[in-house]
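Examining the three-dimensional arrangement
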Amino acid sequence: APAPIQPEPSAIVLAAFGTTYDSAVDSLLKIQHDVQQAYPDTPVRFAFTSNIIRKRWHQRRDDRDYQVAHPEIPAELYQVKNVLGTLADLQNDGYRDIVVQTTLLTHGEEFTDLLAYTDALSGIDTLKAKWKPFQRITVGRPLMGTWGAQQEYRHDLEALTQALAADVDQARRSNAALVYMGHGNDHLSTGLYYELEELMNQHYPDVPVYVGLVEGHPDFDRLSARLQQDGVTRVQLRPLMVVAGDHASNDMAGDEPDSWKVQLQQLGMEVEPILSGLGNNPQVRQRYLNHLNDAAAAAGIVLK
Ligand SMILES: C[C@@]1(CC(=O)O)c2cc3[nH]c(cc4nc(cc5[nH]c(cc(n2)[C@H]1CCC(=O)O)[C@@](C)(CC(=O)O)[C@@H]5CCC(=O)O)C(CC(=O)O)=C4CCC(=O)O)c(CCC(=O)O)c3CC(=O)O
Ligand SMILES: [Co+2]
């Protein structure tokens, strides 16, 4: 039998797309806080997968005025790296067992690229096993799940449906339909979002719930056609994203003629945008923690 793998110092990386909006950072910090609380003796560091967003924070590193105006931004953010750099730093600091938990919602373009990085890094082999830079790197699945038989994606969607109960309650109190803006992508089916919408409507039959996407389908044209068909006159708009950042502030709630808010108002609907990311929802944060725990357990990584 092969020798059992000895536990090595372990660390957690939260791999987020990122945001340039300081008002939205809190939503990510709350996830870090909860994970840190669950594992007080394990470092929990961020990686941002977006090149553009990392660059913005690095520019702010040299902007004293910005930093003084934003004491809520932790120093870590001004030098946030991609997963490549974050893992290299951890290896340099002596950590060889790494759990990467994504804050992405779907196994789309960003998550596919994240896996490409982690696969390549865990594939670095050395002549002597003791010099291998990483012993184990494991990646926790996105909020809406991934392929595979180990963790059913449908179960993740059901759990997310339950986690969104407070959004439904708020729409119910306003006598409004609940309309989510997800991100989506153009490269593979975004059918998960249709399934989520269906589950939401099954689970909360008294509040109509709709999901539309920035990229891919259901797109805004389809969404607005359905709202009109169904005679909806009042909507609460929310991002189905971890942060209420650029997409939520502009594409969803902006005052430009192409924002969802303005277009729906133009159709005669009363629109209330709610600029709160999913990271503000404690039950969503618990879902990410569950995914992290599943990944660590499956890899045999011990977190302290
Ligand atoms: C590949 C790319 C292709 C493309 O869209 O062009 C792409 C893809 C995806 N982005 C996703 C998520 C988010 N995108 C943003 C924001 C921006 N995204 C932008 C570009 C790009 N996004 C291209 C890569 C560029 C690069 O690497 O830098 C920016 C820079 C410019 C722009 O969009 O024009 C603009 C920043 C504006 C700013 O702040 O300066 C935010 C944050 C926010 O809204 O604040 C979130 C998190 C929402 C959350 O928190 O959940 C997801 C869903 C993943 C999931 O499933 O969760 C996918 C699709 C997928 O992965 O499949
Ligand atoms: Co994007």
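Here the residue numbering is sequential within each chain, running from 1 through the sequence in written order. The lettering of chains begins at A and the numbering of ligands begins at 1, in the order of writing. Totals for whole chains, interfaces and linings use every residue, but because this is a predicted model, local features are given only for residues with pLDDT of at least 70 and side-chain atom pairs only at 80 or more, for both listing and counting. Computation of side-chain values: all heavy atoms of the structure, hydrogens and water removed.

1. Regarding the packing of aromatic side chains
The relative placement of two aromatic rings is captured by the distance of their centres and the angle of their planes. Put simply, the test is: Centres within 6.5 Å make a pair out of two Phe, Tyr or Trp rings, where for Trp the six-membered ring is used; the pair is then stacked when the planes are under 30 degrees apart, edge-to-face when over 60, and tilted otherwise. Note on conventions: DSSP H or I runs of at least 4 residues are helices, E runs of at least 2 residues are strands, and numbering of each starts at the N terminus. Throughout, exposure labels follow a simple rule: accessible area from a 1.4 Å probe, protein chains only, divided by the maximum for the residue type, with under 20% read as buried, over 50% as exposed, and the rest as partly exposed. Only Lys NZ and Arg CZ are tested; either one counts as a charge over a ring when it is within 6 Å of the ring centre and within 35 degrees of the ring normal.
Taken as a whole and judged by the stated rule, the model has 5 aromatic pairs. Pairing W57 with Y78 gives two aromatic rings, centres 5.9 Å apart and planes at 70°, and the pair type is edge-to-face. Within this pair, whereas W57 is found in helix α2 (residues 51-61), its partner Y78 is found in helix α4 (residues 75-78), the two being separated by 21 residues in sequence. Each of the two residues, W57 as well as Y78, counts as buried. Taken together, the aromatic side chains of W57, Y66 and Y78 make up a single cluster linked through ring pairs. Against the face of W57 rests R60, its NZ or CZ located 4.6 Å from the ring centre.

2. Some words on the domain arrangement of the protein
Which entries qualify depends on this criterion: The domain boundaries here were taken from an automatic or database domain assignment. Working rule for contacts: check all heavy atoms of both residues, and any pair within 4.5 Å makes them a contact. Buried surface area refers to the total accessible area, computed with a probe of radius 1.4 Å, that the two partners give up upon joining, counted for both partners together. Whenever Lys or Arg places a side-chain nitrogen within 4 Å of a carboxyl oxygen from Asp or Glu, that contact is recorded as a salt bridge. Pairs of N or O atoms are called polar contacts if they sit within 3.5 Å, as long as, within protein, a hydrogen donor faces a hydrogen acceptor (for residues adjacent in sequence, only side-chain-to-side-chain pairs). Gly falls in the polar group here, along with every residue not listed as nonpolar (Ala, Val, Leu, Ile, Met, Phe, Trp, Tyr, Cys, Pro) or charged (Asp, Glu, Lys, Arg).
Along its sequence, the protein is carved into domain 1 (10-151 + 281-299) and domain 2 (165-277). Between the C-alpha centres of domain 1 and domain 2 there is a distance of 28 Å. With 17 residues of domain 1 at the contact, the number on the domain 2 side is 16 residues. Of the roughly 1,200 Å² buried between domain 1 and domain 2 on both sides combined, carbon and sulfur atoms contribute 65%. Of all residues in domain 1, Y21, L105 and M144 bury the most surface against domain 2, accounting for 41% of the area lost on that side. Between domain 1 and domain 2 we count 0 salt bridges in total. On the surface where domain 1 and domain 2 come into contact, there are 3 residue pairs in polar contact (both at pLDDT 80 or more). Of the residues contributing to the side of domain 1 that touches domain 2, the split by class is 8 nonpolar, 8 polar and 1 charged.

3. Notes on the nonpolar core
Where we set the bar: Working definition of a nonpolar core: buried Ala, Val, Leu, Ile, Met, Phe, Trp, Tyr and Cys residues. They are joined through side-chain atoms within 4.5 Å.
F48, W57, L105, M200 and L240 are the most contacted members of the largest nonpolar core, which has 53 residues in total. Apart from the residues lying within four places of it in its own chain, the contact partners of M200 are T161, L164, V168, L178, Y180 and V209. Counting 17 residues, the second-largest nonpolar core is a separate cluster that includes F220, L223, L227 and L237.

4. Thoughts on the environment of G140
Take G140: it is sitting in strand β4 (residues 136-140). Separated by 57 residues in sequence, G140 and V83 have C-alpha atoms that sit 14 Å apart. Residue contacts for G140: discarding those within four places in its chain leaves V100, Q101, T102, F111, H291 and A295.

5. As for the side chain of R136
Among the structural elements, R136 can be located in strand β4. Polar contacts involving the side chain of R136 include one to the main-chain carbonyl oxygen of G300, which spans 3.4 Å.

6. Points about the site of ligand 1
Quick note on the threshold: Distances are taken per atom, and a residue is near a molecule or strand as soon as one of its heavy atoms is within 4 Å of it. Shrake-Rupley sampling with a 1.4 Å probe provides the accessible areas, and residues are treated as covered by the protein chains on show and by no other component. Think of a 1 Å grid over the protein atoms and nothing else: a 1.4 Å probe that fits but is trapped marks a cavity, an open set flanked by protein within 12 Å on at least five of seven lines marks a pocket, and residues with an atom within 4 Å of a point count as lining. To qualify as sitting in a cavity or pocket, a molecule needs more than half of its atoms within 2 Å of the grid points.
The environment of ligand 1 is made up of 23 residues, and the closest members are T20, L105, T106, E109 and E215. Within the side chain of T20, an N or O atom sits 2.6 Å from an oxygen atom of ligand 1. Within the complex, 80% of the 1,000 Å² of free accessible area of ligand 1 lies under protein. Here ligand 1 is seated within the largest pocket. Breaking the shell around ligand 1 down by element, the ones donating at least two residues are α2, α6 (109-122) and α11 (246-252). Counting residues domain by domain, the shell around ligand 1 receives three or more from each of domain 1 (10-151 + 281-299) and domain 2 (165-277).

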